[in-house]
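Examination of the molecular architecture
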Amino acid sequence: MNTPVAGDSCPPQQYTHSTVQLFRFSAVSWNSHRIHYDAEFAASEGFEDVVVQSTLHGETLTRHALAWAGPNSRLETVSWRNRTTAVAGEPLTWTATVRAVEGARVSLDVALVKADGTPCVTGTVELALS
């Protein structure tokens, strides 16, 4: 990776979460809310399918930022705000722009965006590069 500069855009990463992934994430995070693994219950609550956990959004923001930064990078901080709900099978795109570079520390403005361009999640990831 070239040395990042404020204003640089990171290559977007497209993905979807499967119902199996959401079930497993609920299990390992001890999240027993049925909207995350029971499609019938999620529908009774007004959702199209099982709902992506907010903490899985945070993991996704972090994972893609670390992949962009390379194997010797490390996470300093992550923060995010959920803007709207995402469900299993819904196409999402991770986007990031370099906000600031201070020595080996890089701050990214990150988002998870729906196919129609609506931000699902927005936040900041700060990394230390080696």
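Here, every reference points to the structure presented above.
The following paragraphs examine the structure supplied in this document.

About the criteria used
- Residues numbered from 1 in each chain as written.
- Predicted model: local features only at pLDDT ≥ 70, side-chain atom pairs only at ≥ 80, totals over all residues.
- Heavy atoms only, no water.
- Salt bridge = Lys/Arg side-chain N within 4 Å of Asp/Glu carboxyl O.
- Helix = DSSP H or I, 4+ residues; strand = E, 2+ residues; numbered from the N terminus.
- Buried < 20%, exposed > 50% of the residue type's maximum accessible area, 1.4 Å probe, protein only.
- Phe/Tyr/Trp six-rings, centres within 6.5 Å; stacked < 30°, edge-to-face > 60°.

**Topic: the pattern of salt bridges**
Following the criterion strictly, the structure yields seven salt bridges and no others. Between Glu76 and Arg74 there is a salt bridge, with the nearest N and O atoms lying 3.2 Å from each other. For Arg105, the salt bridge goes to Glu76, with nearest N and O atoms at 3.5 Å. Taken together, the residues Arg105 in strand β4 (residues 105-114) and Glu76 in strand β2 (residues 74-82) connect sequence positions 29 residues apart.

**Thoughts on unusual backbone geometry**
Backbone geometry at Trp30 places phi at a positive 55°, although glycine is not the residue there. Relative to the helices and strands, Trp30 is located in the loop between α1 (19-28) and α2 (39-44). The class for Trp30 is exposed, based on a relative accessible area of 79%.

**What about the packing of aromatic side chains?**
Throughout the structure, instances matching the rule amount to one aromatic pair. Both rings, one in Phe23 and one in Tyr37, keep their centres 6.3 Å apart while their planes meet at 80°; by these two values the pair is edge-to-face. Separated by 14 residues along the polypeptide, Phe23 in helix α1 and Tyr37 in the loop between α1 and α2 bring together distant segments of the chain. We classify Phe23 as partly exposed; its relative accessible area is 48%.

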